[in-house]
Amino acid sequence: MIEAVASPSGAPPAGPYSPAVRVGDLLFVSGQGPFDAAGERCGQTFAEQAHAVFDNLAALAAAAGTGLDRAVRLGAYLSDHGHFGEWNRVCAARLSAPYPARTTVPVALPGFDIEADAVFWIPEPEERA
């Protein structure tokens, strides 16, 4: 079964797509930008924007019964590849080993510096402890 997942504390979708989709024990999260629950851009620095993106990823993961520690894949899209070192520092602060598989690419982003998508494993309730 395919189930759409959303979170009232995460950023709303900017178009006709689901913020996340659960299929079995996997959660596929659409690209999340540095936006708050009202859809307003947040964060002035790259690091602030990256933490806002992680907050949105975490909100969707929690809505599906999982968390950042169960990310298996993380894709990041940076407005400038010069942000790569700072992105690594934010990832080190927000993620734990075993780290997810990652892809990071520079792309043109309209008015913000980062977007990220992810895939999470959703454990059975008895495995969540």
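The structure we're discussing is the one just above.
Let me sum up the structure you'll find in this document. (Residues numbered from 1 in each chain as written. Predicted model: local features only at pLDDT ≥ 70, side-chain atom pairs only at ≥ 80, totals over all residues. Heavy atoms only, no water.)

## Remarks on helix α2 (residues 84-94)
- Of the residues making up α2, those classed as buried are W87, V90 and C91. The buried residues of α2 all sit within an arc of 100 degrees when viewed along its axis, so they share a single face. Across from the buried face of α2, at angles greater than 90 degrees, the exposed residues are R89 and A93.
- Check the buried side of α2 and you find it contacts α1 (46-63), β4 (71-78), β5 (101-106) and β6 (114-121). (Buried < 20%, exposed > 50% of the residue type's maximum accessible area, 1.4 Å probe, protein only. Helix = DSSP H or I, 4+ residues; strand = E, 2+ residues; numbered from the N terminus. Arc of directions from axis to C-beta. Contact = heavy atoms within 4.5 Å.)

## A short note on the packing of aromatic side chains
- Per the counting criterion, the structure on display carries two aromatic pairs.
- Relative to F112, the ring of F35 has its centre 5.2 Å away and its plane inclined at 80 degrees; by these criteria the two rings are edge-to-face. Note that F35 is positioned in the loop between β3 (26-32) and α1 and F112 in the loop between β5 and β6, a separation of 77 residues in sequence.
- The exposure class assigned to F35 is partly exposed, which follows from its relative accessible area of 22%.
- Considering the side-chain rings of F54 and W87, the 5.4 Å spacing of their centres and the 15 degrees angle between planes classify their relative orientation as stacked. One end of the pair, F54, is in helix α1; the other, W87, is in helix α2, with 33 residues separating them in the sequence. (Phe/Tyr/Trp six-rings, centres within 6.5 Å; stacked < 30°, edge-to-face > 60°.)

## Digging into the side chain of N56
- Inspection of the secondary structure puts N56 in helix α1.
- Residue contacts for N56: discarding those within four places in its chain leaves S9, G10, A11, Q32, G33 and F35.

## Describing the environment of Y77
- Its place among the elements puts Y77 in strand β4.
- Looking at Y77, the relative accessible area reads 24%, which means it is partly exposed.
- On a C-alpha basis, the gap between Y77 and V105 in space is 5.1 Å, while along the polypeptide they are 28 residues apart.
- Those residues in contact with Y77 that sit more than four places away from it in its chain are V105, V107, L109, D113, I114, E115, A116 and D117.
- Here the side chain of Y77 touches D117 through a polar contact of 2.9 Å, side chain to side chain. (Polar contact = N/O pair within 3.5 Å; in protein donor to acceptor, adjacent residues only side chain to side chain.)

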